[in-house]
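Chain by chain, the residues run as shown.
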Protein chains: 2
Amino acid sequence: MFPKATIARFPMYFRVLTEYNHQNIALVSSEEMAQKLGITSSQIRKDLSYFGSLGIRGAGYDVAYLLAKIKEVLGMDKSRRLAIIGAGKLGLALAGYSGLKQHGLEVAALFDTDDAKWGTNNGPLPVFPLTELASQKEKLGMEIAVLTVPASAAQPVANLAVKAGFKALWNFAPVRLVVPKDVIVQYEDLVVGILTLSHHLARKFG
Amino acid sequence: MFPKATIARFPMYFRVLTEYNHQNIALVSSEEMAQKLGITSSQIRKDLSYFGSLGIRGAGYDVAYLLAKIKEVLGMDKSRRLAIIGAGKLGLALAGYSGLKQHGLEVAALFDTDDAKWGTNNGPLPVFPLTELASQKEKLGMEIAVLTVPASAAQPVANLAVKAGFKALWNFAPVRLVVPKDVIVQYEDLVVGILTLSHHLARKFG
DNA sequence: GTGAGATTGTGAAAATAATCACAAGGGGAA
DNA sequence: TTCCCCTTGTGATTATTTTCACAATCTCAC
Ligand SMILES: NC(=O)c1ccc[n+]([C@@H]2O[C@H](COP(=O)([O-])OP(=O)(O)OC[C@H]3O[C@@H](n4cnc5c(N)ncnc54)[C@H](O)[C@@H]3O)[C@@H](O)[C@H]2O)c1
Ligand SMILES: NC(=O)c1ccc[n+]([C@@H]2O[C@H](COP(=O)([O-])OP(=O)(O)OC[C@H]3O[C@@H](n4cnc5c(N)ncnc54)[C@H](O)[C@@H]3O)[C@@H](O)[C@H]2O)c1
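Worth saying up front: this structure is predicted, and the values here are computed from it rather than measured.

### Regarding the protein's contact with DNA strand C
No. 1: Residues in contact with DNA strand C amount to 25 residues; listed here are only the nearest, Arg9(A), Arg57(A), Ser30(B), Gly55(B) and Tyr61(B).
No. 2: What you see for DNA strand C is that sugar and phosphate hold 61% of its atoms within 4 Å of the protein.
No. 3: Taking Arg9(A), its side chain carries an N or O atom lying 2.9 Å from a phosphate oxygen of DNA strand C.
No. 4: In this structure, Leu54(B) approaches DNA strand C through a main-chain N or O atom, which is 3.0 Å from a phosphate oxygen.
No. 5: Elements with a contribution of two residues or more to the surface near DNA strand C: α1 (4-22) and α3 (41-49) of chain A together with α3 (41-49), β2 (55-56) and β3 (60-62) of chain B.
No. 6: Considering every element that reaches the surface near DNA strand C, the biggest residue donor is α3(A), with 4 residues.
No. 7: Split into classes, the residues belonging to the surface near DNA strand C amount to 7 nonpolar, 10 polar and 8 charged.

### Points about the side chain of Glu188(B)
No. 1: Position of Glu188(B) among the secondary structure elements: in the loop between β9 (184-187) and α9 (190-204).
No. 2: Of the side chains with opposite charge, Arg15(B) lies nearest to the buried Glu188(B), which makes no salt bridge, at 11 Å.
No. 3: A polar side-chain atom of Glu188(B) sits 2.7 Å from a polar atom in the side chain of Trp170(B).
No. 4: With near-sequence residues (within four places) excluded, Glu188(B) lies in contact with Leu190(A), Gly193(A), Trp170(B), Asn171(B) and Phe172(B).

### Thoughts on the packing of helix α9 (residues 190-204) of chain A against helix α1 (residues 4-22) of chain B
No. 1: α1(B) packs onto α9(A) with a crossing angle of 110° between their chain directions and a minimal axis gap of 9 Å. Accordingly, the angle class assigned to the pair α9(A) and α1(B) is roughly perpendicular. In the packing of α9(A) onto α1(B), the handedness of the crossing is right-handed. Facing α9(A), whose interface residues are Val191(A), Val192(A), Leu195(A), Thr196(A) and His199(A), α1(B) presents Ile7(B), Ala8(B), Pro11(B) and Arg15(B).
No. 2: Tallied by class, residues from the contact of α9(A) with α1(B) come to 6 nonpolar, 2 polar and 1 charged.

### Here we look at the environment of Leu37(B)
No. 1: Assignment of secondary structure puts Leu37(B) in helix α2 (residues 30-37).
No. 2: In contact with Leu37(B), not counting residues within four places along its chain, are Arg176(A), Met12(B), Tyr13(B), Val16(B) and Ile44(B).

### Examining the pattern of salt bridges
All names here are of chain B.
No. 1: Tallied over the entire structure, the rule returns 14 salt bridges over all chains.
No. 2: Residues lysine 137 and glutamate 138 are paired through a salt bridge, measuring 3.9 Å at the closest nitrogen-oxygen approach.
No. 3: A residue is classified by how much of its surface remains accessible, and glutamate 138, at 56% relative accessible area, is exposed.
No. 4: The partner of lysine 167 in a salt bridge is aspartate 182, with the nearest N and O atoms 2.8 Å apart.

### Things to note about the relation of the copies chain B and chain A
No. 1: When chain B is fitted onto chain A, the two copies agree to an RMSD of 0.0 Å after a turn of 180° and an axial shift of 0.0 Å. Those values place the two copies in the arrangement expected of a two-fold rotation axis.
No. 2: A shared binding surface is used by both copies, with 100% of the interface residues of chain B retained as interface residues in chain A.

### Examining the site of ligand 1
No. 1: In the neighbourhood of ligand 1, 23 residues make up the surrounding shell, with Gly88(A), Lys89(A), Leu90(A), Asp112(A) and Val149(A) lying closest.
No. 2: At ligand 1, the nearby residues belong to more than one chain, namely chains A and B.
No. 3: Contacts to ligand 1 include Lys117(A), whose side-chain N or O atom sits 3.3 Å from an oxygen atom.
No. 4: Here an oxygen atom of ligand 1 sits 3.2 Å away from a polar atom, N or O, in the side chain of Tyr97(B).
No. 5: Within the complex, 83% of the 820 Å² of free accessible area of ligand 1 lies under protein.
No. 6: If one sorts the elements of the shell around ligand 1 by residue count, helix α8 (residues 151-164) of chain A sits on top with 3 residues.

Reading guide: rules and limits
- Residues numbered from 1 in each chain as written.
- Chains lettered and ligands numbered in written order.
- Predicted model: local features only at pLDDT ≥ 70, side-chain atom pairs only at ≥ 80, totals over all residues.
- Heavy atoms only, no water.
- Near = heavy atom within 4 Å.
- Polar contact = N/O pair within 3.5 Å; in protein donor to acceptor, adjacent residues only side chain to side chain.
- Helix = DSSP H or I, 4+ residues; strand = E, 2+ residues; numbered from the N terminus.
- Nonpolar A, V, L, I, M, F, W, Y, C, P; charged D, E, K, R; others polar.
- Buried < 20%, exposed > 50% of the residue type's maximum accessible area, 1.4 Å probe, protein only.
- Lys, Arg positive; Asp, Glu negative; His and termini not counted.
- Salt bridge = Lys/Arg side-chain N within 4 Å of Asp/Glu carboxyl O.
- Contact = heavy atoms within 4.5 Å.
- Axes fitted to C-alpha atoms, helices over the stretch in contact; angles between N-to-C directions.
- Parallel < 35°, antiparallel > 145°, perpendicular 65-115°, else oblique.
- Left-handed = near helix turned anticlockwise from the far one by under 90°.
- Least-squares fit on C-alpha atoms with pLDDT ≥ 70 in both.
- Areas by Shrake-Rupley, 256 points an atom, 1.4 Å probe, with all protein chains shown as cover.

This is the structure we're talking about:
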């Protein structure tokens, strides 16, 4: 129903709308948002048109209403709970990232095979042995598994997550995962962004 | 010359080719790579066709040669040095990420305004006061500035980076930056990935 | 050297995404 | 109410990306 490219822009819209909301601005035009976001206003209108007709001609969009709609389509209307598997450098950084909560995403627990990491010494969040993944999933109601383990561990960990009942995996390891087709995997490859920069530098300067 | 979408897949190709190389496999077919990567072989052939004709019909692609070509186009033939600005949770995770070096990217130093972070107590890398950005850029030969500062600091920090002569910024703060048009900004919005998952979960389950 | 089998390279077609351009409303002043 | 101004919503157009399909041509076994 919503194009992928449109879904990918909604988080950005969510953030500027939240800002307008805090400033008690009730109406905002596509042109105003476009300026702030560095994209075209027709892009915004086209994206929002997939909701049906929710703007007010001559005036703009109702900030609070649009915000509610975007939250709904992104599944932010109820808070979703995450399990972070791999309490290493990246896993702990994500666990302490306030941006997640601001988008309705709550890290409920971390998991690791290293017993030195177990317990609550790493901050407010508990680190459990990986063997407890399935039981804690039920207890804490977690829906999304975040994979921040070394590449070599990613596939076995994914298998465990699938067996534990996770239907959505957010994978930071640079590895393609094989999973049943009712399980969705979102790959996060940070190297792409910086190598794109490197590519442009190489073209321009050498 | 190379489509954006193609450039975005090169890092992935680079990794499987490196793997084949370590296994002393000299030739690889597009179908073999495709299987491993979960994409179509025609996608791979089309991507590689922008180099001109470098495969061997009936046999496949020369792993070492293809690797060299991809390195070249991604600017990995010489090692590029990075400055990480913001020695917080994410900045330190990136500083300790071995994947960067494996792709020819070397973190040379971190910068922070917080004097408690200055020095070399955070590991092998020095953390400098932000005021030294320009001078250290020259001394260490850094080309890319990585912004891992709070959203509110991102624009002022970007201004400093531009003034220091950086022509490429890798920005993790959820903020659009205004920069001169000879400066490239690559935005990294981690929330997009996980909200895409959340969206799918909401469609499927509610 | 020849033929069978494999794999590339690439035009053409299809799918997806972005931009354009303007008719259709809605707001608000007088 | 009427008229003017503003902004949406969207069909049409253009751009980009992916997929298809197969001729071209290379390898290798014999
Ligand atoms: N550090 C970064 O900034 C960064 C950036 C992008 C991608 N990544 C990727 O994220 C992953 C983690 O990177 P990192 O830098 O945090 O590494 P890390 O070594 O700091 O952390 C990995 C953690 O996973 C744990 N672990 C190992 N095997 C496990 C298993 N089978 N089950 C559960 N836990 C296990 C380890 O004990 C460790 O705590 C890697 O795949 C890396 O490529 C990291
Ligand atoms: N933590 C994550 O996993 C994560 C994920 C995605 C995006 N981000 C984004 O990355 C940025 C940093 O996040 P974090 O979690 O590392 O925060 P953090 O608070 O741990 O680190 C921020 C660091 O920036 C420093 N700083 C503040 N103002 C500065 C300035 N003007 N110049 C230089 N340094 C300055 C602080 O002293 C601190 O060390 C934020 O914009 C956040 O939205 C973080």
